[in-house]
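# A look at the structure
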Amino acid sequence: MQTGIAYKLIDSIPPEYLNAAERLQYPVGEYIIRPNEPVKWFYILLSGSAKLVYESPKGEALILDIYHAGDFFGEMEMVDLQTVDRAIIAMTPCEAYRFSRRQFFDLWDGASSFSRLLLTVHSDRLLRAGDDKIYAERTVLREKVFRIIQNHINARGSFLYTKHILAEMAGVSIRSLNRTLRELEDDALIVQSGGTIRLHI
């Protein structure tokens with residue numbers, strides 16, 4: 001969910017607050033936040049990528065979002081809004097600042113630029129979530145997959161992640177995804193080459 005505003009969040013924090021926070025490292029596949037456990041910390045991702053995953057009681061997982069350097073999470077739990085059925089897992093080696101509840105509110109009260117940026121990014125997330133819900137209810141799978149690809153490309157127009165990650169994000173099997181990708185390719189919307197997916201430009 002990388003945004004230019006989110007990446008500025010760390011720069012808005014005075015050094016004394018950053019120095020007081022924990023700076024932790026997570027290897028690939030490690031839980032940063034575990035499901036069904038209370039979240040007691042606010043995190044800002046310093047480097048790497050992590051996925052927000054909904055884990056159903058049956059053990060099925062669905063990627064809800066992907067965080068990159070500069071993104072944050074845990075802010076809802078700071079105001080006692082718990083989401084116990086979700087986890088955040090490192091997709092690459094990650095490093096993050098971790099703030100306690102007291103440190104979070106000291107920062108909120110003491111650094112107005114941080115507070116404004118956090119509120120702006122959080123509001124953007126809510127708007128995107130609403131837009132995605134409306135879009136999902138009106139579209140078929142091929143349009144859903146194409147939208148996901150469009151929202152997660154690099155400067156060269158290539159999809160940032162693997163097919164398996166794309167399948168998780170779309171909530172479908174690899175078989176269904178491959179069929180959908182072939183349809184998008186037949187319509188000259190994407191190009192698949194060497195295991196990568198890129199927009200047809």
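This text gives an overview of the structure that appears in the document. For clarity, every value in this text was computed on a predicted model and none was experimentally measured.

All right, on to the overall build of the chain then. On a plain count of helices and strands, the chain comes out with eight helices and ten strands. In terms of overall size, the chain behaves like a compact globule, its C-alpha atoms giving a radius of gyration of 18 Å where 201 residues would be expected to give roughly 17 Å. In terms of overall dimensions, the chain has a C-alpha envelope of 55 × 40 × 35 Å along the principal axes. The proportion of buried residues among the 201 residues of the chain is 41%. Considering only contacts in the chain between residues 6 or more positions apart, those separated by 24 or more positions represent 70%.

Moving on, we come to the nonpolar core. Core analysis: the largest hydrophobic core is formed by 23 residues, its most contacted members being Val145, Ile149, Phe159, Leu166, Met169, Leu181 and Ile190. Looking at this core, the elements that each hand over two or more residues are β5 (61–67), β7 (86–90), α6 (141–151), α7 (163–170), α8 (174–186) and β10 (196–199). Ranked by residues supplied to this core, first place goes to α7 with five residues. Residues Phe42, Met78, Phe114 and Leu117 belong to the second largest nonpolar core, which totals 18 residues.

Quick look at the pattern of salt bridges now. Counted according to the given criterion, the structure contains seven salt bridges. For Arg23, the salt bridge goes to Glu95, with nearest N and O atoms at 2.7 Å. Here the residue Arg23 occupies a position in strand β1 (residues 22–26), and Glu95 occupies one in strand β8 (residues 94–100), the gap between them amounting to 72 residues. Residue classification places Glu95 among the buried positions, given a relative accessible area of 17%.

The subject of this paragraph is the sheet that holds strand β2 (residues 31–33). Pairing is antiparallel across the open sheet formed by four strands, whose spatial order is β2-β7-β4-β5. Of all strands in the sheet, those with a lone pairing partner are β2 and β5, marking the two edges. Looking at each pair of strands side by side, their axes are set apart by 35 degrees on average, direction ignored. One ladder, built from six bridges, connects strand β4 (residues 50–55) with β5; its direction is antiparallel.

Taken in spatial order, the four strands of this open sheet run β1-β8-β3-β6, and their pairing is antiparallel. Sheet topology places β1 and β6 (72–73) at the edges, where each strand pairs with a single neighbour. The pairing of β1 with β8 spans five bridges and is classified as antiparallel. In the strand pairing of β8, Arg23 is matched with Tyr97. Its contacts with the sheet put helix α4 (residues 101–110) on β3 (41–47) and β8, and the angle it makes with β8 is roughly 85 degrees.

Basis of the calculations
- Residues numbered from 1 in each chain as written.
- Predicted model: local features only at pLDDT ≥ 70, side-chain atom pairs only at ≥ 80, totals over all residues.
- Heavy atoms only, no water.
- Helix = DSSP H or I, 4+ residues; strand = E, 2+ residues; numbered from the N terminus.
- Rg over C-alpha atoms; globule rule 2.2 N^0.38 Å.
- Buried < 20%, exposed > 50% of the residue type's maximum accessible area, 1.4 Å probe, protein only.
- Contact = heavy atoms within 4.5 Å.
- Core = buried A, V, L, I, M, F, W, Y, C linked by side-chain atoms within 4.5 Å.
- Salt bridge = Lys/Arg side-chain N within 4 Å of Asp/Glu carboxyl O.
- Pairing = 2+ DSSP bridges.
- Axes fitted to C-alpha atoms, helices over the stretch in contact; angles between N-to-C directions.

These values are about where atoms sit, not about what they do.
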